[in-house]
Structure formats: structure tokens, C-alpha cells
Amino acid sequence: ENPLTATVKVTVVEKHITDALGGQIVFESLEQLLKGQSVSMKEFLNIDRVLEDNQITDIYSIEWTSSDNKIVTVDQTGRAVGVKEGKAAIEAVISFKDGNGSITGEYPVTTEIEVKEIALDSIAFDKVIKEMLVGATDTLRVIYNPDNTTDLREVIWESSDSDIISVEN
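This write-up is about the structure you can find in this document.

Cut-offs applied
Residues numbered from 1 in each chain as written. Predicted model: local features only at pLDDT ≥ 70, side-chain atom pairs only at ≥ 80, totals over all residues. Heavy atoms only, no water. Helix = DSSP H or I, 4+ residues; strand = E, 2+ residues; numbered from the N terminus. Rg over C-alpha atoms; globule rule 2.2 N^0.38 Å. Buried < 20%, exposed > 50% of the residue type's maximum accessible area, 1.4 Å probe, protein only. Contact = heavy atoms within 4.5 Å. Salt bridge = Lys/Arg side-chain N within 4 Å of Asp/Glu carboxyl O. 1 Å grid on protein atoms, 1.4 Å probe; cavity = no way out; pocket = protein on both sides within 12 Å on 5 of 7 lines; lining within 4 Å. Points joined across faces, edges and corners; volume = space filled by probe spheres on them. Nonpolar A, V, L, I, M, F, W, Y, C, P; charged D, E, K, R; others polar. Polar contact = N/O pair within 3.5 Å; in protein donor to acceptor, adjacent residues only side chain to side chain. Pairing = 2+ DSSP bridges. Axes fitted to C-alpha atoms, helices over the stretch in contact; angles between N-to-C directions. Core = buried A, V, L, I, M, F, W, Y, C linked by side-chain atoms within 4.5 Å.

1. A short note on the overall build of the chain
Counting its regular elements, the chain contains 2 helices and 9 strands. Its helices and strands taken in sequence order, the chain reads α-β-β-α-β-β-β-β-β-β-β from the N to the C terminus. For a compact globule of 169 residues, the expected C-alpha radius of gyration is about 15 Å, and the chain comes in at 28 Å, more than 25% above that figure. By principal-axis analysis of the C-alpha atoms, the chain measures approximately 95 × 55 × 20 Å. Taken across its 169 residues, the chain has 27% of its residues classed as buried. Within the chain, contacts between residues at least 6 apart in sequence are counted, and of these 54% link residues at least 24 apart.

Spelled out as C-alpha cells, the structure:
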């Protein structure tokens, strides 16, 4: 038995990032974040579209930093969280590598983010209970005004006389 073999010559073509294309990578349409809100900053980078439109074969990694972690934090997955009201910059340093792992380009991209807080004006109960029978139970809910407040919503429930009426969370 003679095994048949054939040889085919394959040429792999890589297309690398250029400074002109690197300069087209920008953040799009995120200027504001609420305190406590979390977003993926990578979703606002047009990087994948730039690479796809130009058939770039390089792979890339991103290093993320915030100019002020007291206002907005960002982790190395690109998840940003609003901490308190103010303005800070998020920077993504994008490093491109070819198939051999050699760096073909490095491009810093920055965007300014404004973190907003929505202050709590008042709270109320969802109903009024004037009297209750012994042994009866009822549920009160807290209504926040405005309901989209970014302030903490920690409620401590107390009775002024637990011999008459008790309250649980």
C-alpha cells in the first residue's frame, strides 16, 4: 500500500494596524453616568468596527485607567462604575500585536465622563394604616421621591412602642 501525499503551499497574509487607522479609534456617545451605575466602556469604543472595515488581522489588548477613582472606577475588563458626582477621564491604551506577538501599534484613547447624583427629596409610605386588629399583619412600602434617586435606600424599621405594635424588615 502506497499512501498518497500532496503538498500545497499556503501563504498567510497579515494586515496590520496603521497610525492612520489607530487614530480613527474613538469613544462614541457616553458622556454621563449615574452614581452607582455600571457600564462596559468597551461597548462605546468603535475599535471592532475599525478593524473589521479595514480587515486588520492583529489582535489587541486594552489597559484601562481612570483619572480619578473617587469619581469613577474602571477595572481591566473595561467596566466603569460611577462613585460620586464630578468629572473624570477614562483612558484605554490599546496594544496591537501581529501573529508572532510583536507589537504593531499602541494607541491611547480618552473620554471624559461626568458622574451625576440624583438626590433624595423625600420618602413616604405607600398607604396609611389608622388601626389594626390584634394579631393582624400588614405591609408598608417606602416610596422614594424621586424614584430614580442615586442615594442609598437602606431603611431601618422601628416601632415607638413594640408592646403595642411590632415591626419587622
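2. Considering the pattern of salt bridges
Enumeration according to the criterion identifies 6 salt bridges in this entry. Taking the shortest distance from any N to any O, the salt bridge between Arg141 and Asp126 comes out at 3.7 Å. Of this pair, Arg141 sits in the loop between strand E8 (122-125) and strand E9 (142-145) while Asp126 sits in the loop between E8 and E9, and the two are 15 residues apart along the sequence. Asp126 sits in the partly exposed class, given a relative accessible area of 30%.

3. Quick notes on the layout of surface pockets
Volume-wise, the largest pocket comes out at about 820 Å³. Surrounding the largest pocket, 20 residues form its lining, Met132, Asp138, Ile165, Ser166 and Val167 being those nearest its centre. Of the residues that constitute the lining of the largest pocket, the class distribution is 10 nonpolar, 5 polar and 5 charged.

4. Digging into the side chain of Asn46
Within the secondary structure, Asn46 sits in the loop between strand E2 (38-40) and helix H2 (47-53). Residue class for Asn46 comes out buried when judged on its relative accessible area of 6%. Looking at Asn46, its side chain comes within polar contact range of the main-chain nitrogen of Val26, at 2.8 Å. Beyond its immediate stretch of four places on either side in the chain, Asn46 contacts Gln24, Ile25, Val26 and Glu28.

5. Focus on the sheet that holds E2
Neighbouring strands of a sheet are bound in pairs by backbone hydrogen bonds; such pairs are parallel or else antiparallel. Strand order in this open sheet of 3 strands is E2-E5-E4, and the pairing throughout is antiparallel. In this open sheet, the two edge strands, each paired with only one partner strand, are E2 and strand E4 (72-74). Going across the sheet, the axis of each strand differs from the next one's by a mean of 20 degrees, ignoring polarity. Relative to strand E5 (residues 79-82), E4 is paired through 3 bridges, and the arrangement is antiparallel. Pairing of Thr73 across the sheet is with Val81, part of E5.

6. Things to note about the nonpolar core
Of all hydrophobic cores here, the largest spans 29 residues; its most connected members are Ile25, Phe27, Met41, Leu45, Trp64, Ile94 and Phe96. Where this core is concerned, the elements lending two or more residues are H2, strand E3 (59-66), E4, strand E6 (86-97) and strand E7 (103-116). Looking at this core, the element that brings in the most residues is E6, giving 5 residues. Aside from chain neighbours lying at most four places away, what touches Ile25 is Leu45, Asn46, Ile47, Val50, Ile94, Phe96 and Val109.

Treat this as a map of the structure, not an account of what it does.
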